[in-house]
Amino acid sequence: MASVKYTEEHEWIRLDGEVATIGITDYAQQQLGDVVFVEVPQVGRKVEKGESCAVVESVKAASDIFAPVSGEVVEANAALADSPGDVNAEPMGKGWFFKLRIADRAQLDGLMDEAAYAAFVKKLG
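Here the structure is a predicted model, which means the values were calculated and not measured.

### Remarks on the packing of aromatic side chains
Scanning the entire structure with this criterion turns up two aromatic pairs. A ring pair is formed by Tyr6 and Tyr117, whose centres lie 4.7 Å apart and whose planes are at 15 degrees; its orientation type is stacked. Placement of the pair is Tyr6 in strand β1 (residues 4–6) and Tyr117 in helix α3 (residues 114–124), with a sequence separation of 111 residues. Across the pair, Tyr117 and Tyr6 agree in class, each one buried. Where Tyr117 meets Phe120, the ring centres are 6.3 Å apart and the plane angle is 35 degrees; that geometry is what we call tilted.

### Some points on the environment of Asn88
Topologically, Asn88 is positioned in helix α2 (residues 86–89). The sequence separation of Asn88 and Gln29 amounts to 59 residues, and the corresponding C-alpha distance is 5.7 Å. Separated by 2.9 Å, the side chain of Asn88 and the backbone oxygen of Gly33 make a polar contact. A polar side-chain atom of Asn88 sits 2.8 Å from the main-chain amide nitrogen of Val35.

### Focus on the side chain of Glu11
The topology assignment puts Glu11 in strand β2 (residues 11–16). For the buried Glu11, which has no salt bridge, the nearest side chain bearing the opposite charge is Lys49, at an N-O separation of 10 Å. For Glu11, the side chain forms a polar contact with the side chain of Thr7, separated by 2.7 Å. From its side chain, Glu11 meets the backbone nitrogen of Phe66 in a polar contact 3.0 Å long. Not counting residues up to four positions away in its chain, the partners in contact with Glu11 are Lys5, Tyr6, Gly23, Ile24, Thr25, Asp64, Ile65 and Phe66.

### Focus: the nonpolar core
Core analysis: the largest hydrophobic core is formed by 25 residues, its most contacted members being Phe97, Phe98 and Leu100. Every element with two or more residues in this core is listed here: β2, β3 (19–24), α1 (26–32), β4 (35–39), β6 (52–58) and β9 (98–102). Val4, Trp96, Met112 and Val121 belong to the second largest nonpolar core, which has eight residues in total.

Definitions and limits used
Each chain has its residues counted from 1, following the order in which its sequence is written. Per-residue local features of the predicted model are confined to residues with pLDDT of at least 70, and side-chain atom pairs are confined, for both listing and counting, to 80 or more; whole-chain, interface and lining totals are unaffected and use all residues. Remark: hydrogens and water are excluded; side-chain values derive from all non-hydrogen atoms of the structure. Only rings of Phe, Tyr and Trp enter the pairing, Trp through its six-membered ring, and a pair is recorded when the two centres are within 6.5 Å. The plane angle decides the type: under 30 degrees is stacked, over 60 is edge-to-face, the rest tilted. By the criteria applied, helices consist of DSSP H or I runs no shorter than four residues and strands consist of E runs no shorter than two, each listed in order from the N terminus. Between buried and exposed lies partly exposed: a residue is buried under 20% and exposed over 50% of the maximum accessible area for its type, with that area taken using a 1.4 Å probe on protein chains only. Each polar contact in these results corresponds to two N or O atoms within 3.5 Å; when the atoms are within protein, one needs to be able to donate a hydrogen and the other to accept it, and residues that are neighboring in sequence are counted only if both atoms are side-chain atoms. By the counting scheme adopted, Arg and Lys are positive, Glu and Asp are negative, and His together with the chain ends is not counted. The salt bridge criterion pairs a side-chain nitrogen of Lys or Arg with a carboxyl oxygen of Asp or Glu, the two atoms within 4 Å. Only heavy atoms enter the contact rule, under which two residues are in contact if any of them lie within 4.5 Å. Buried Ala, Val, Leu, Ile, Met, Phe, Trp, Tyr and Cys residues form a nonpolar core when they are joined through side-chain atoms within 4.5 Å.

Here is the structure:
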């Protein structure tokens, strides 16, 4: 099973070979509430680590989704346009946002593993 890493902005990234799938965490979707709109990046777009590249809107707020690593978008989850609720129902499953061909695997080293992320969320209260 591919390992999952997490950011302080509540994105998750799962690497499978050279391609990483990115979405938001269960904690993030709970904070947002019912997701009503998702904008995903265009395939072929090159993004830098930390760059805003997608948007998720809920009944409460709109939030930017940031690239946890640099790379090129190789797939975007277009199904979220019709089914934004997938982000609430399966944030780490069919609610994924986009896939990147990562430019620098070393950037993954700065991200949290599951235990570190759980501790980070716990501190948030």
